Amino acid sequence: MKRKVDSDDSKQRKNKKRMKNSRNIDIDSPAEKLSVLPATRSSEDVQSMKCNWTNKQKVLIFSTRGVSYLARHVMKNLRALMPHTKSEPKIEIRKSFSILNEVVELRNCNKVLFFDMKKKKDLYLWMGNVPDGPTVKFLVENLHTMEELKLTGNCLKGSRPLLSFDEKFDKESHWKLIKELLTQIFGTPYHQPKSQPFVDHVLSFSIIDNKIWFRNYQIVEENGALAEIGPRFVLNLHCIFEKSFCGMLLYENPQYIAPNLKRRLAKMKASQKYKERIYSKVAFDQTKPKESYTYDKTDEIFQTKLAENAEE
Amino acid sequence: MSDIESDNQDGDSDEEMDSEQEDLELQQALKEGRLQPGLNIEEKPKRPLINNKKALDAKYTELYLNLPWTERLDCTNAPLSSKDAEIIENNEDLADSDFKREMLFYRQAQAAVIDALPKLKKANISTKRPDDYYAQMAKSDEHMKKIREYLVNRKTDIERREKVRKLRELRTFGKKVQQEVLQKRQEEKTQLLKTMKKIRKGKKEGVRELEESLGDRKKRVMQPTKNGKQDMNSKKRKNSRLEYKNKKFGFGGKKRNMKKNTAESSAEIGGKSNKWERPSFHAQKAKKGKNKQARPGKTNRQKMKARK
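Just so you know, these numbers come straight off a predicted model, no measurement behind them.

Topic: the confidence of the model for chain B
Residue and element names in this part refer to chain B.
Turning to step 1, where the next piece is worked out: Summing up the model confidence of chain B, the mean pLDDT is 79 and the portion of residues at 70 or higher is 76%.
Turning to step 2, where the next piece is worked out: Looking across chain B, the model is least confident in helix H8 (residues 228–234), with a mean pLDDT of 53, and most confident in helix H2 (residues 53–63), with 93.
Turning to step 3, where the next piece is worked out: Confidence over residues 1–12 falls short of pLDDT 50; this stretch has 26 contacts with residues more than four positions distant or in other chains.
Turning to step 4, where the next piece is worked out: We note a pTM of 0.62 for the whole complex and an ipTM of 0.75 for its interfaces.

Spelled out as structure tokens, the structure:
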């Protein structure tokens with residue numbers, strides 16, 4: 001028995017030795033390769049940390065439960081474009097948004113893009129600076145994903161974008177605040193480890209009709225030839241809060257109409273046709289004359305009864 | 001926080017209440033005659049909307065990240081001015097007209113690029129990746145392939161549609177020409193009928209007119225045209241297959257109206273009512289006998305020999 005056990009042990013040792021050897025080889029190989037850089041590298045890999053990465057913005061992009069495929073795809077697109085983002089599983093929010101602060105802080109992020117969908121059709125985007133605000137709430141309109149649009153442009157995954165803003169952003173204080181927030185969220189920090197060392201696309205934000213229009217262009221040539229990449233969306237400003245997902249209101253957009261109200265008004269407008277018809281019917285009944293034409297009453301003597309009726 | 005909650009949760013119930021109240025109001029208004037179809041009553045906001053500029057500015061200074069431009073890469077600029085400057089001026093319909101709007105965005109982004117590229121070069125940040133730098137792209141190759149296919153398909157589609165449109169135009173033009181020709185013929189016919197009427201009445205003008213109108217035709221009939229081909233074309237289209245078959249097998253005349261009664265057939269007395277009818281049995285026999293050159297029987301032939 002002892003011998004057997006011994007033999008077993010020795011086998012195990014041998015195995016361990018083999019394992020060690022193999023491990024050693026594994027460990028050794030990258031050291032050997034260090035002199036020659038690998039020919040290809042996945043963009044997900046983290047580059048060497050020896051750099052002056054000072055602007056450490058990290059954005060958490062996630063959503064509530066019950067968002068439609070559109071929101072999901074746009075989130076995916078944004079994550080592909082922005083290397084300084086992190087993702088979170090969908091969250092179910094019943095009562096208060098204050099949980100979000102904790103979620104964001106747990107993921108070590110200081111900015112948040114939070115998608116919230118109501119009634120499976122109205123998409124809201126919360127943009128926030130997490131520990132101490134502000135938070136901006138937008139209604140997202142005209143949403144198109146990168147996959148859906150037949151746009152010819154393409155850019156490196158995780159390259160740094162130029163941010164182009166409309167001049168109207170500097171004219172009013174709320175737009176100015178939003179501009180700063182947008183630059184901090186959408187701008188990829190210099191030397192961000194996952195980012196590519198090129199600037200090959202432009203994110204343009206312009207204000208038309210009191211809404212922010214988002215476009216993404218590839219820089220095709222140095223002279224300014226561009227090709228659109230996608231995604232596209234329009235942000236309709238609703239309100240700005242002082243703190244992150246709490247605090248007092250700093251601004252409310254007077255031109256903002258809630259989508260519910262908009263739908264109701266549209267319905268009312270559509271029902272106007274029916275109402276008009278009914279009104280016209282009532283009006284006709286009211287103005288209808290009781291007599292078709294006036295006649296002399298004495299003429300009634302000439303109206304004779306039929307023989308059968310006369311007998312009765 | 002409380003603000004947000006109340007904002008989000010009470011929205012629906014508020015609206016229902018509002019709609020009920022509004023209904024009552026509307027009914028009253030209708031009774032009093034204030035309400036007429038097409039008249040909208042504007043709603044007034046419940047409380048003045050908040051626009052706290054001081055706090056916004058304070059928040060901005062608090063949020064502002066004072067970093068060198070190479071970290072931020074933000075540019076604020078007006079869209080690039082060009083020949084299409086009017087596009088930018090007409091601000092009202094921008095949101096609705098796709099082309100103008102997209103042009104504006106494009107120009108804005110272009111302006112940003114033209115502004116920023118020199119700065120980037122100064123800061124030694126590369127804008128173009130070298131050709132041998134391979135990295136994952138935002139859109140996959142598969143997706144780009146799909147886009148290319150889509151573009152090619154669309155191009156061919158447009159070309160095809162244009163072709164079809166041209167054909168259709170040609171066809172409509174051809175129809176017009178045909179109609180004109182038909183009208184001309186009709187006119188000629190009516191003219192001829194008129195002149196014929198005049199002739200019947202015995203007017204000399206009629207004869208002259210007829211000669212005038214027929215003059216060309218007479219010439220045409222008398223002098224066969226030099227170009228025989230043109231005449232062929234003006235006639236019915238020829239069926240080349242049929243022509244070939246006729247050439248090969250010959251054409252034994254029209255088969256049409258062959259079985260119809262003619263003067264001769266109706267004048268025939270007795271016999272067959274129909275020339276296609278089979279002759280009666282006896283008639284057939286009789287015919288047989290007549291037709292055969294009667295060869296005498298054996299005994300008769302021997303007798304004939306003996307006589308000689």
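Further notes follow.
Brief notes about the pairing of strand S5 (residues 135–144) of chain A
All names here are of chain A.
Turning to step 1, where the next piece is worked out: Most of S5 sits inside the fold, with eight of its 10 residues counted as buried.
Turning to step 2, where the next piece is worked out: Relative to S5, strand S4 (residues 122–129) runs antiparallel, the two sharing six bridges. Its bridge partner lying in S5, glycine 128 is registered against threonine 135.
Turning to step 3, where the next piece is worked out: Taking the residues between adjacent antiparallel strands as the criterion, S4 and S5 are bridged by five residues, where glycine 133 takes a positive phi near 65°.
Turning to step 4, where the next piece is worked out: In this structure, S5 lies alongside strand S10 (residues 232–241), joined through eight bridges in antiparallel fashion. Across the sheet, the residue bridging to phenylalanine 138 is leucine 237, located in S10.

Focus on a positive patch on the surface
All names here are of chain B.
Turning to step 1, where the next piece is worked out: Taken together, the side chains of Arg165, Lys166, Arg168, Arg171 and Lys175 make up a positively charged region of the molecular surface.
Turning to step 2, where the next piece is worked out: You can see arginine 171 is positioned in helix H6 (residues 141–201).
Turning to step 3, where the next piece is worked out: For arginine 171, a relative accessible area of 57% gives the class exposed.

Quick look at the confidence of the model for chain A
All names here are of chain A.
Turning to step 1, where the next piece is worked out: This prediction gives chain A a mean pLDDT of 85; 84% of its residues lie at or above 70.
Turning to step 2, where the next piece is worked out: Predicted confidence is poor over residues 1–9, with pLDDT under 50, and the contacts of this stretch with residues over four places away or in other chains come to zero contacts.
Turning to step 3, where the next piece is worked out: Below pLDDT 50 for its whole length, residues 14–34 participates in zero contacts with residues either more than four positions away or in separate chains.

A closer look at the packing of helix H4 (residues 173–186) of chain A against H2 of chain B
Turning to step 1, where the next piece is worked out: One can describe the packing of H4 of chain A onto H2 of chain B by two numbers: an axis separation of 8 Å at closest approach and a directional angle of 25°. Considering their axes alone, H4 of chain A and H2 of chain B lie roughly parallel with respect to each other. The handedness of the crossing between H4 of chain A and H2 of chain B is left-handed. Of the residues in H2 of chain B, those touching H4 of chain A at Ser173, His174, Lys176, Leu177, Glu180, Leu181 and Gln184 of chain A are Lys53, Leu56, Asp57, Lys59, Tyr60 and Leu63 of chain B.
Turning to step 2, where the next piece is worked out: A class-by-class count of the residues in the contact of H4 of chain A with H2 of chain B yields five nonpolar, three polar and five charged.

Re the interface of chain B and chain A
Turning to step 1, where the next piece is worked out: With 77 residues of chain B at the interface, the matching set in chain A holds 94 residues.
Turning to step 2, where the next piece is worked out: Where chain B abuts chain A, roughly 7600 Å² becomes buried across the two surfaces, and 58% of that area is made up of carbon and sulfur atoms.
Turning to step 3, where the next piece is worked out: Three residues stand out in chain B for area buried against chain A, namely Lys59, Leu63 and Glu71 of chain B, and they jointly supply 9% of the buried area on that side.
Turning to step 4, where the next piece is worked out: Two residues, glutamate 102 of chain B and arginine 232 of chain A, come together in a salt bridge whose shortest N-O distance is 3.6 Å.
Turning to step 5, where the next piece is worked out: Inspection of the chain B/chain A interface yields 36 residue pairs in polar contact (both at pLDDT 80 or more).
Turning to step 6, where the next piece is worked out: Elements supplying a minimum of two residues to the side of chain B that touches chain A: helix H1 (2–32), H2, helix H3 (69–72), strand S1 (74–76), helix H5 (98–122) and H6 of chain B.
Turning to step 7, where the next piece is worked out: Split into classes, the residues belonging to the side of chain B that touches chain A amount to 41 nonpolar, 15 polar and 21 charged.
Turning to step 8, where the next piece is worked out: As defined by bridge partners, strand S6 (residues 159–165) of chain A adjoins S1 of chain B across three bridges and the pair is classed as parallel. Counterpart to serine 164 of chain A in the pairing with S1 of chain B is cysteine 75 of chain B.

Reading the values: rules and limits
- Residues numbered from 1 in each chain as written.
- Chains lettered and ligands numbered in written order.
- Predicted model: local features only at pLDDT ≥ 70, side-chain atom pairs only at ≥ 80, totals over all residues.
- Heavy atoms only, no water.
- pLDDT = per-residue confidence, 0-100.
- Helix = DSSP H or I, 4+ residues; strand = E, 2+ residues; numbered from the N terminus.
- Contact = heavy atoms within 4.5 Å.
- Buried < 20%, exposed > 50% of the residue type's maximum accessible area, 1.4 Å probe, protein only.
- Pairing = 2+ DSSP bridges.
- Patch = residues over 30% accessible without salt bridge, like charges linked within 9 Å, V, L, I, M, F, W, Y side chains within 5 Å.
- Areas by Shrake-Rupley, 256 points an atom, 1.4 Å probe, with all protein chains shown as cover.
- Salt bridge = Lys/Arg side-chain N within 4 Å of Asp/Glu carboxyl O.
- Lys, Arg positive; Asp, Glu negative; His and termini not counted.
- Charge placed at Lys NZ, Arg CZ, Asp CG, Glu CD.
- Axes fitted to C-alpha atoms, helices over the stretch in contact; angles between N-to-C directions.
- Parallel < 35°, antiparallel > 145°, perpendicular 65-115°, else oblique.
- Left-handed = near helix turned anticlockwise from the far one by under 90°.
- Nonpolar A, V, L, I, M, F, W, Y, C, P; charged D, E, K, R; others polar.
- Buried area = accessible area lost by both parts, 1.4 Å probe.
- Polar contact = N/O pair within 3.5 Å; in protein donor to acceptor, adjacent residues only side chain to side chain.

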